[in-house]
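The chain contents come next:
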Amino acid sequence: MTTLDTTVRAKRSFAARVASGAGGGVLRVVLVLVAVFWLVPTFGLLVSSFRDPTDIATSGWWKVFGAPGQLTAKSYKSLLESDAITHSLFNTVWITVPATLLVVLFGAMAGYAFAWMDFKGRDWWFLVVVALLVVPVQVALIPLADLFGKIGIFGDIIGVVLFHVGFGLPFAIFLLRNFFAEIPRELLEAARLDGAGETRLFLTVVLPLGAPAIASLGIFQFLWVWNDMLVALVFSDSQSQPLTVALQQQVRQFGNNIDVLAPGAFISMVIPLVVFFAFQRQFVSGVMAGAVK
């Protein structure tokens, strides 16, 4: 064995030890520190939402550890007494839930059709769907605002929902079509031999097998719509605006009403976090499904 071979093996051994250590306790500690650092702003907002506005103006949120008597629920009482904020919270739900369910439903049906049904121009239509993925939202704001105004839905919740559905479907179809295409053909053929039609095949075979991808899509769509402000600013009015727009209006109009802004911003932030952590297992399964097949 030459000196060069011995040096190379020593370097490989050192690299293997480093990789092994990184995959053990060291990596876990780093990930925990990153997670804690990422959650600090959320925790600070939570603490601020339970402090008096005068305390917020004079000291940082970390001062509460030395003076826990600062904590109070008055801010949440002010929030519940603000009709604009509470109404916008319900508007956010009425926008997000239908926009998510419709995208998942139509995306799943179209994804199955593109994956397993033969029709004229199927590949070309799928290329059109893929091309729509690169169309920016800003391009459609003015044309769709004009169209919605002509048909009488501009400023209504239904207009905001339709916009999100229209721009969410290309990604949904692309994602679910690729996932459904990985289902073994033999499984579908066996179901057809047992007398299953396309509807029954879709409901009893494809949807259960595609549950991880559907869950991932639902989480993505929910987060996008819940946190959106640009589309809502354009297509909603004072009666249909979601929470993101209502908070922005509070900042612009008053600026110093932190007793409403802090709890409102925390609620706007924490609900997507709860949804994500509640379905994180399905989300990870859906994201990793394409990599392990």
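Chemist: Just give me the short version of the overall build of the protein, but keep the residues and values in it.
Modeler: Counting its regular elements, the protein contains 15 helices and 0 strands. Burial statistics for the protein: of 293 residues in total, 36% are counted as buried. Sequence-distant contacts, at least 24 apart, represent 72% of the contacts inside the protein between residues at least 6 apart. Just so you have it, the protein exposes about 17300 Å², and 70% of that area is on carbon and sulfur atoms.

Chemist: Residue-level account of the packing of helix α6 (residues 122-132) against helix α8 (residues 157-180), with values.
Modeler: Contact geometry of α6 with α8 gives a least axis separation of 8 Å together with a crossing angle of 125 degrees. When the interaxial angle is binned, α6 and α8 end up oblique. Note on packing geometry: the crossing formed by α6 with α8 is left-handed. Contact residues: Phe 126, Val 129, Val 130 and Leu 132 in α6; Pro 170, Ile 173, Phe 174, Arg 177 and Asn 178 in α8.

Chemist: Give me the side chain of Ser 88: which residues, what numbers.
Modeler: Mapped onto the fold, Ser 88 is located in helix α5 (residues 83-116). According to the relative accessible area criterion, Ser 88 is buried, its value standing at 1%. Beyond its immediate stretch of four places on either side in the chain, Ser 88 contacts Gln 241, Pro 242, Leu 243 and Ala 246.

Chemist: For the packing of aromatic side chains, give the residues involved together with the corresponding values.
Modeler: Within a pair of aromatic rings, the relevant descriptors are the distance that separates the centres and the angle that separates the planes. In this structure the tally under the stated criterion is 13 aromatic pairs. With centroids separated by 5.5 Å and ring planes inclined at 70 degrees, the aromatic side chains of Phe 171 and Trp 224 adopt a geometry described as edge-to-face. With Phe 171 in helix α8 and Trp 224 in helix α11 (residues 211-226), the pair connects residues that are 53 residues apart, well separated along the chain. Judged by relative accessible area, which is 26%, Phe 171 ranks as partly exposed. Aromatic rings pair up to connect Phe 148, Phe 154, Phe 163, Phe 167 and Phe 235 into one cluster. Positioned above the aromatic ring of Phe 126, the side-chain terminus of Arg 177 is 4.6 Å from the ring centre.

Chemist: Explain the confidence of the model for the protein to me, and be specific about the residues and the numbers.
Modeler: Atom-level detail of predicted coordinates should not be read off regions where pLDDT is low. When pLDDT is averaged along the protein, the result is 80; 84% of the residues meet or exceed 70. In the model of the protein, helix α1 (residues 3-22) stands out as the element of lowest mean pLDDT, 52, in contrast to α8, which has the highest, 91.

Chemist: Talk me through the nonpolar core; I want residue IDs and the actual numbers.
Modeler: Within the largest apolar cluster, 41 residues are counted, with the highest numbers of intra-cluster contacts made by Tyr 112, Trp 116, Leu 176, Phe 180, Leu 188, Val 206 and Phe 235. At the level of secondary structure, the elements contributing two or more residues to this core comprise α5, α6, α7 (137-151), α8, α9 (185-193), α10 (198-209), α11 and α12 (230-235). Once residues lying within four places of it in the same chain are set aside, the contact partners of Tyr 112 are Met 117, Phe 180, Arg 192, Glu 198, Leu 201, Phe 202 and Val 206. Among the nonpolar cores identified, the runner-up in size contains 11 residues, and Tyr 76, Leu 243, Leu 247 and Val 260 belong to it.

Chemist: Any chance you could break down the environment of Ile 214 for me, citing the residues and the numbers?
Modeler: One can find Ile 214 in helix α11. Along the primary structure Ile 214 and Gly 107 are separated by 107 residues, whereas in three dimensions their C-alpha atoms are 9.1 Å apart.

Chemist: Before we move on, could you go through a nonpolar patch on the surface and cite the residues and values that matter?
Modeler: Together, Met 117, Phe 119, Trp 125, Val 128, Leu 132, Leu 133, Val 134, Val 135 and Val 139 line one region of the surface with nonpolar side chains, adding up to about 800 Å² of accessible area. In terms of residue count, α6 provides more of the nonpolar patch than any other element does, 3 residues in total. Overall, Trp 125 belongs to the exposed group, its relative accessible area being 52%.

Chemist: Residues and numbers for the pattern of salt bridges, please.
Modeler: Taken as a whole, this structure holds 4 salt bridges when the rule is applied. We note a salt bridge from Lys 150 to Asp 146, for which the minimum N-O separation is 3.3 Å. You can see Lys 150 and its partner Asp 146 sitting in helix α7, 4 residues apart, about one turn around the helix.

Chemist: An account of the packing of α7 against α8 is requested, with residue identities and associated values reported.
Modeler: Remark: α7 packs on α8, axes separated minimally by 12 Å, with the N-to-C direction vectors making an angle of 140 degrees. Regarding the angle of α7 to α8, the classification is oblique. Helix-helix and strand crossings are classified by hand; for α7 and α8 the assignment is right-handed. Side by side, α7 and α8 meet where Val 137, Ala 140, Leu 141, Leu 144 and Phe 148 of the first sit next to Gly 159, Leu 162, Phe 163 and Phe 167 of the second.

What counts, and where the lines are drawn
- Residues numbered from 1 in each chain as written.
- Predicted model: local features only at pLDDT ≥ 70, side-chain atom pairs only at ≥ 80, totals over all residues.
- Heavy atoms only, no water.
- Helix = DSSP H or I, 4+ residues; strand = E, 2+ residues; numbered from the N terminus.
- Buried < 20%, exposed > 50% of the residue type's maximum accessible area, 1.4 Å probe, protein only.
- Contact = heavy atoms within 4.5 Å.
- Areas by Shrake-Rupley, 256 points an atom, 1.4 Å probe, with all protein chains shown as cover.
- Axes fitted to C-alpha atoms, helices over the stretch in contact; angles between N-to-C directions.
- Parallel < 35°, antiparallel > 145°, perpendicular 65-115°, else oblique.
- Left-handed = near helix turned anticlockwise from the far one by under 90°.
- Phe/Tyr/Trp six-rings, centres within 6.5 Å; stacked < 30°, edge-to-face > 60°.
- Lys NZ or Arg CZ within 6 Å of the ring centre and 35° of its normal.
- pLDDT = per-residue confidence, 0-100.
- Core = buried A, V, L, I, M, F, W, Y, C linked by side-chain atoms within 4.5 Å.
- Patch = residues over 30% accessible without salt bridge, like charges linked within 9 Å, V, L, I, M, F, W, Y side chains within 5 Å.
- Salt bridge = Lys/Arg side-chain N within 4 Å of Asp/Glu carboxyl O.

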